[in-house]
Amino acid sequence: PRAVVCPQIAPPPSLAEPLKELFKQQEAVRGKLRLQHSIEREKLIVSCEQEILRVHCRAARTIANQAVPFSACTMLLDSEVYNMPLENQGDENKSVRDRFNARQFISWLQDVDDKYDRMKTCLLMRQQHEAAALNAVQRMEWQLKVQELDPAGHKSLCVNEVPSFYVPMVDVNDDFVLLP
């Protein structure tokens with residue numbers, strides 16, 4: 001597995017000491033968010049790969065005309081006195097191989113692809129929203145700190161007037177691919 005690296009940004013040298021400290025605190029939070037976003041993207045990629053493997057296993061089982069293997073939970077459920085196992089499961093799957101073809105396999109793969117494209121879109125939209133929300137909160141904190149340090153000089157400083165190099169936005173990487 002490759003290591004997830006989220007570099008920290010050094011504070012600009014022109015800042016006063018209290019603002020440098022605030023920058024370092026905010027950068028630690030931004031770094032944590034970058035790491036969280038990176039981990040979420042990696043988990044989505046791994047989940048997509050697992051789902052593709054499941055589809056290939058399902059296709060191989062169908063071609064070999066094998067039934068779905070029992071899981072430990074199924075075995076425990078069948079061993080319960082109150083649950084009667086279904087005996088007719090084997091009869092239904094006898095003609096599955098006759099109906100299976102490449103078009104069905106491609107359809108399964110396309111379903112997985114569509115599902116994970118939707119999940120990727122939702123993930124990226126949420127991550128961009130989180131980055132924007134954190135940026136807004138940190139700009140407000142920056143504005144309050146500047147006003148606290150120099151109450152006379154910065155009364156009219158607006159949140160949008162805080163330079164982006166003092167409070168950088170967390171960059172959301174949206175060019176990752178789900179399947180290599």
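Above this note sits the structure.
Residues numbered from 1 in each chain as written. Predicted model: local features only at pLDDT ≥ 70, side-chain atom pairs only at ≥ 80, totals over all residues. Heavy atoms only, no water.

Participant: So what about the overall build of the protein chain? Which residues, and what values?
Facilitator: Across its full length, the protein chain holds 5 helices and 0 strands. Reading the secondary structure of the protein chain in the N-to-C direction produces α-α-α-α-α. Put simply, of all contacts in the protein chain between residues at least 6 apart along the chain, 77% involve residues at least 24 apart. Accessible surface computed for the protein chain: about 12700 Å², of which carbon and sulfur atoms make up 59%. (Helix = DSSP H or I, 4+ residues; strand = E, 2+ residues; numbered from the N terminus. Contact = heavy atoms within 4.5 Å. Areas by Shrake-Rupley, 256 points an atom, 1.4 Å probe, with all protein chains shown as cover.)

Participant: How would you sum up the environment of Met119? Please name residues and give values.
Facilitator: Inspection of the secondary structure puts Met119 in helix H5 (residues 102-149). Here the alpha-carbon distance between Met119 and Leu44, two residues 75 residues apart in the chain, equals 8.1 Å.

Participant: Lay out a negative patch on the surface in plain terms, naming residues and giving numbers.
Facilitator: A surface patch of negative charge is lined by Asp111, Asp113, Asp114 and Asp117. Its place among the elements puts Asp117 in helix H5. (Patch = residues over 30% accessible without salt bridge, like charges linked within 9 Å, V, L, I, M, F, W, Y side chains within 5 Å. Salt bridge = Lys/Arg side-chain N within 4 Å of Asp/Glu carboxyl O. Lys, Arg positive; Asp, Glu negative; His and termini not counted. Charge placed at Lys NZ, Arg CZ, Asp CG, Glu CD.)

Participant: Just give me the short version of the pattern of salt bridges, but keep the residues and values in it.
Facilitator: Opposite charge on two side chains allows them to pair when their charged atoms are near. A full pass over the atoms with the stated rule returns 6 salt bridges. The salt bridge partner of Lys145 is Glu148, with a shortest N-O separation of 3.8 Å. In this pair, Lys145 and Glu148 are both assigned in helix H5, 3 residues apart and thus about one turn of the helix distant. Under the relative-accessibility criterion, Lys145 is labelled partly exposed at 23%. Among the charged side chains, a salt-bridge network with shared partners connects Glu27, Arg30 and Arg34. (Buried < 20%, exposed > 50% of the residue type's maximum accessible area, 1.4 Å probe, protein only.)

Participant: Can you tell me about the side chain of Asn135, naming the residues and giving the values?
Facilitator: With respect to the helices and strands, Asn135 occurs in helix H5. Judged by its relative accessible area of 10%, Asn135 falls in the buried class. The residues touching Asn135, leaving out its near neighbours within four places in the chain, are Val167, Pro168 and Met169.

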